[in-house]
Amino acid sequence: MACTSCSTSDGGAPKGCKNNGTCGTDSCNKLTVFDWLSNMSLPNGDAPFDCVEVRFKNGRKEFYRNTEKLTLSMGDIVATVASPGHDIGIVTLTGELVKIQMKKKGVNHSSNEIPKIYRKASQKDIDIWSVARDKEEPMKVRARELAIAQKLEMKISDIEFQGDGSKATFYYTANDRIDFRALIKDFAKEFSTRIEMKQVGFRQEAARLGGIGSCGRELCCSTWLTDFRSVNTSAARYQQLSLNPQKLAGQCGKLKCCLNYELDTYMDALKDFPDFETRLVTEKGDAICQKQDIFKGLMWFAYTNNFANWHVLKIDQVKEIVAENKLKNKVSSLEDFAIEIVVEVEKNFNNAMGQESLTRFDQPKAKKKPNKKRKPIGENVIVANNNKPTNSNKPANNNNNNNNRQAPDDKRPVEPRKPIIITKNVDKK
């Protein structure tokens, strides 16, 4: 079945998955909360919480107040207040967990500004909603053509129709402010509907559209991440990552949000480390740090006059040398403090799981070696009496060998014919 929330076609869901109408790409279930209080009754006959959470296209969720005391459950399609007209959404959460979600997102549940739910959607509402959603994809293609025709530096990433089809919201991304007043006139003339432009950031665009990251999992911003914190290149420096923008950037073009996940652990481990710019003074010369292993507590130093040889020191030894240098004392050399690192041998399980190597096609094919036993034809050629060249190295065929001919009657051997050797005299001058 096709998804009615994100306009996924019938071919979008894999066959046999039994998704029962949900989206095949799972974009409808972004940031879904499991209602673990659904089977619990309220104490003392308290009334249930009168606000519900409603999901719209691409995981956009809003909170609405159930003023009509409708019996709502997860999955119900409802008509909500919009400006103007009404919108159609799906209930994703009810009960006390809605209060926790509103507190998490900073929404005051006692405020009178919370919009309300009109009714449960009728079949007519659902039909209008489905027709409007079918227009979104071809409209997006045409809208991009109009934006390119006006040479505007913007990208229209998505279009969302209101449930009653009276308004279309265009989501776009741009680096600078865009004067799209003329573009809105073209849109209104082309699509004959009310137009609303809404600019979103590059991270919000990736969260709306979804996708698969370089780790092989769905994007964090589209599945569970709700707050987008700023990510700096210093986070990669603290973790000693290569400052390669192609590897550090996500699908949004910005630095990956996951660079902040382990940053606190690295910062705690670096508290015990001496400064990376620490200079050790020895009798053989000054030494500067070249590399750090944060979790093993090791530092690599090299003399300023010999960067080829690195010496491994523990952080306690580095602190000891720094303490001596503060007393204006020089240590003899780094070799007295250096340690040896034992290289671990890589374990090879020899295809223990019965799986072939993923890089088996990367190796070039071995060239076939020529057969050395086979000699080229044309050597030691003599001319026999039948005037045909033969190879003397090739064994003769027993069926055609004249030397082994037998007389038919007396079985006496027949003398073999002598080959006629043709020679050519060359006058030597």
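Since we're looking at a predicted model, the values are computed, not measured.

(A) Focus on the overall build of the protein chain. When helices and strands are counted, the protein chain shows 10 helices and 14 strands. Counting over 429 residues, the protein chain shows a buried share of 32%. Split by element, the accessible area of the protein chain, about 30,600 Å² in all, is 51% carbon and sulfur.

(B) Looking closely at the sheet that holds strand 11 (residues 298–303). Strand order in the open sheet formed by four strands is 9-10-11-12, with antiparallel pairing between adjacent strands. Every interior strand has two partners, whereas the edge strands, strand 9 (279–282) and strand 12 (306–314), have only one. Averaged over all pairs of adjacent strands, the angle between strand axes in this sheet comes to 35°, irrespective of strand direction. Lying over the sheet, helix 10 (residues 315–326) contacts strand 9, strand 11 and strand 12, oriented at roughly 105° with respect to strand 12.

(C) Quick peek at a nonpolar patch on the surface. Among the surface-exposed residues, F34, W36 and M40 lie close enough to one another that they form a single nonpolar patch of about 440 Å² accessible area. Residue position: W36 is located in the segment before strand 1 (51–55).

(D) A look at the nonpolar core. Ranked by internal contacts, the top residues of the largest apolar core, which has 21 residues, are M154, I156, F170, L183, F187 and M197. When contributions to this core are tallied by element, the ones reaching two or more residues are helix 3 (136–149), strand 6 (155–161), strand 7 (167–173), helix 4 (181–191) and strand 8 (194–199). For this core, the leading source of residues is helix 3, giving four residues. With residues near it in sequence (within four places) discarded, F187 still touches A143, L146, I156, F170, S192, I195 and M197. Residues C289, M299, I315 and V331 belong to the second largest nonpolar core, which totals 17 residues.

(E) View of the pairing of strand 10 (residues 285–293). Pairing analysis gives four bridges linking strand 9 to strand 10, with the strands arranged antiparallel. The partner of T282 across the bridge, within strand 10, is G285. Counted between consecutive antiparallel strands, the loop separating strand 9 from strand 10 contains two residues. Sheet topology places strand 10 next to strand 11; six bridges connect them, and they run antiparallel.

(F) Structural context of the sheet that holds strand 8. Here three strands make up an open sheet; going across it, the order is 6-7-8 and the pairing mixed. Where the open sheet ends on each side, the last strands, each with one partner, are strand 6 and strand 8. Here the average twist between neighbouring strands, direction ignored, is 25°.

(G) Just the state of the cysteines, in detail. Throughout the structure, instances matching the rule amount to zero disulfides. Cysteine C221 shares no disulfide, and the gap to the nearest cysteine sulfur, in C257, comes to 6.3 Å. The buried category is assigned to C221, whose relative accessible area is 12%.

(H) Molecular detail of the pattern of salt bridges. Summed over the entire model, instances satisfying the criterion amount to 23 salt bridges. E136 is paired through a salt bridge with K57; the nearest N and O atoms lie 2.6 Å apart. You can see E136 sitting in helix 3 and its partner K57 sitting in the loop between strand 1 and strand 2 (61–65), a full 79 residues away along the chain. Per residue, the accessibility class of E136 equals that of K57, and both read buried. The partner of K99 in a salt bridge is E96, and the shortest N-O contact between them spans 3.6 Å. With a gap of three residues between them, K99 and E96 both fall in helix 1 (residues 96–104), about one helical turn apart. Taking relative accessible area as the criterion, E96 reaches 28% and is therefore assigned partly exposed. Here the salt bridges do not stand alone but share partners, grouping K57, R60, E62, D87, R133, E136, D158, E160 and R208 into one network.

Rules and cut-offs
Residues numbered from 1 in each chain as written. Predicted model: local features only at pLDDT ≥ 70, side-chain atom pairs only at ≥ 80, totals over all residues. Heavy atoms only, no water. Helix = DSSP H or I, 4+ residues; strand = E, 2+ residues; numbered from the N terminus. Buried < 20%, exposed > 50% of the residue type's maximum accessible area, 1.4 Å probe, protein only. Areas by Shrake-Rupley, 256 points an atom, 1.4 Å probe, with all protein chains shown as cover. Pairing = 2+ DSSP bridges. Axes fitted to C-alpha atoms, helices over the stretch in contact; angles between N-to-C directions. Contact = heavy atoms within 4.5 Å. Patch = residues over 30% accessible without salt bridge, like charges linked within 9 Å, V, L, I, M, F, W, Y side chains within 5 Å. Salt bridge = Lys/Arg side-chain N within 4 Å of Asp/Glu carboxyl O. Core = buried A, V, L, I, M, F, W, Y, C linked by side-chain atoms within 4.5 Å. Disulfide = S-S within 2.5 Å.

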